Amino acid sequence: MLVNYQGKTRDVMTLAHELGHGVHQLLAAEQGHLLSDTPLTLAETASVFGEMLTFRALLAAETEPRRRRALLAAKVEDMLNTVVRQIAFYDFELRVHTLRRSGEITAERLGELWLEVQVESLGPTVRFDDGYRNYWSYIPHFLHSPFYVYAYAFGDCLVNSLYAAYTEAPEGFAAKYIEMLAAGGTKPHREVLAPFGLDATDPAFWQKGLAMVCSFIDALEAEDGAASKLSG
Ligand SMILES: [Zn+2]
């Protein structure tokens, strides 16, 4: 592994992320070249799980309220970008591809669809100016790998649910987790998640993942409340 490192929190998280990929690939190596590579749905499992463990350790060790807030705020923003924003991207693609069935779409109409989706995903507190209407064009996935964006949200929520399963029943989790990574690309997510009692076709599975995003937002608000009491 070769990474830049300047001692910033982000560098620590990136290191944890890439180490996750490294461990995943090392464990899956025994499957051989063709089967070690994971499907998109599981590609970010070990990396994001590693980030989550590292983030929790950093937060637990940090006592300075302003730094705790900064850590939590960055995590929440990351999660919203990975889950809410990517799903909005997916919605945009879905609308574009559906509309395209009935004819060519003008640049004007693409901009309208983009703004519609952005307004829906971010709500009334964020205002967009007209220049933002062409910003769909900065996402390379839309052209090069249509509907790829779902994998980010899928991966993040999958790991959140996995982490929730870990906190609910830590006993024996590590052995099952290592076995899952060692499976590489030999099994679909349904099969590798079954030993954890998780099922991605069950809405409750996703709820577990989203509940984790909510819990970080709650923690951030609690820190804010504590901090304003301190300064007040
Ligand atoms: Zn990655």
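Residues numbered from 1 in each chain as written. Predicted model: local features only at pLDDT ≥ 70, side-chain atom pairs only at ≥ 80, totals over all residues. Heavy atoms only, no water.

Caption draft 1: Spotlight on the pattern of salt bridges. Counted under the stated rule, the structure contains nine salt bridges. The closest approach of N and O atoms between R95 and E116, which form a salt bridge, is 3.4 Å. Of the two residues, R95 is situated in helix α4 (residues 65-100) and E116 in helix α5 (residues 107-122); the sequence distance between them amounts to 21 residues. Given the relative accessible area of 34%, E116 is considered partly exposed. Residues D130 and R133 are paired through a salt bridge, measuring 3.2 Å at the closest nitrogen-oxygen approach. Each of R95, R109, E112, E116 and E120 takes part in one network of salt bridges that share partners. (Salt bridge = Lys/Arg side-chain N within 4 Å of Asp/Glu carboxyl O. Helix = DSSP H or I, 4+ residues; strand = E, 2+ residues; numbered from the N terminus. Buried < 20%, exposed > 50% of the residue type's maximum accessible area, 1.4 Å probe, protein only.)

Caption draft 2: Looking closely at unusual backbone geometry. Positive phi is not limited to glycine here, since F147 has a value of about 70 degrees. With respect to the secondary-structure elements, F147 resides in the loop between α6 (141-144) and α7 (150-168). Assessed through its relative accessible area of 24%, F147 is described here as partly exposed.

Caption draft 3: Here's a closer look at the environment of F173. Among the secondary structure elements, F173 is positioned in helix α8 (residues 173-182). Linking F173 and T41, residues 132 residues apart in sequence, is a C-alpha distance of 20 Å. Not counting chain neighbours up to four residues away, the residues in contact with F173 comprise F49, L162, A165, Y166 and F196. (Contact = heavy atoms within 4.5 Å.)

Caption draft 4: Local environment of α7. Spanning 19 residues, α7 covers 27 Å between terminal C-alpha atoms, matching the ideal 27 Å at 1.5 Å per step. Counting buried positions over the 19 residues of α7 gives 14, a clear majority of the element. (Expected span 1.5 Å × (residues − 1).)

Caption draft 5: Quick peek at the coordination of the zinc ion. For the zinc ion, every protein donor is listed as H17 (NE2), H21 (NE2) and E44 (OE), and the spread of their distances is 2.1 Å. Motif for the zinc ion, donor spacing along one chain: H-x3-H-x22-E. Of this pair, H21 sits in helix α1 (residues 9-28) while E44 sits in the loop between α2 (33-36) and α3 (45-61), and the two are 23 residues apart along the sequence. Relative accessible area serves as the criterion here: at 17%, H21 is assigned to the buried category. (Donors = N, O, S within 2.8 Å, 3.2 Å for Na, K, Ca; no water.)

Caption draft 6: Seen up close, the packing of α3 against α7. Interaxial distance between α3 and α7 falls to 9 Å at its minimum, and their mutual angle equals 55 degrees. Considering their axes alone, α3 and α7 lie oblique with respect to each other. α7 is crossed by α3, and the crossing has right-handed handedness. Facing α3, whose interface residues are T45, V48, F49, M52, L53 and R56, α7 presents D156, L158, V159, N160, L162, Y163 and Y166. (Axes fitted to C-alpha atoms, helices over the stretch in contact; angles between N-to-C directions. Parallel < 35°, antiparallel > 145°, perpendicular 65-115°, else oblique. Left-handed = near helix turned anticlockwise from the far one by under 90°.)

Caption draft 7: Molecular detail of the environment of F216. Here F216 shows up in helix α10 (residues 203-231). Judged by its relative accessible area of 4%, F216 falls in the buried class. For the pair F216 and A107, spaced 109 residues apart in sequence, the C-alpha to C-alpha distance is 39 Å. Look past the residues within four positions of F216 in its chain and what remains in contact with it is M52, F55, R56, L72, K75, V76 and M79.

Caption draft 8: Structural context of the state of the cysteines. This structure, assessed with the given rule, holds zero disulfides. The structure places no disulfide on C157, whose sulfur is separated from the nearest cysteine sulfur, that of C214, by 10 Å. (Disulfide = S-S within 2.5 Å.)

Caption draft 9: Main features of the nonpolar core. With 33 residues, the main nonpolar core has L162, Y177 and F216 as its most contacted residues. Listing elements by their share of this core, those giving two or more residues are α3, α4, α7, α8, α9 (189-193) and α10. Among all residues touching Y177, those that are not within four sequence positions of it are T45, A46, F49, L162 and F196. With 13 residues, the next largest nonpolar core counts L113, W114, F142 and V149 among its residues. (Core = buried A, V, L, I, M, F, W, Y, C linked by side-chain atoms within 4.5 Å.)

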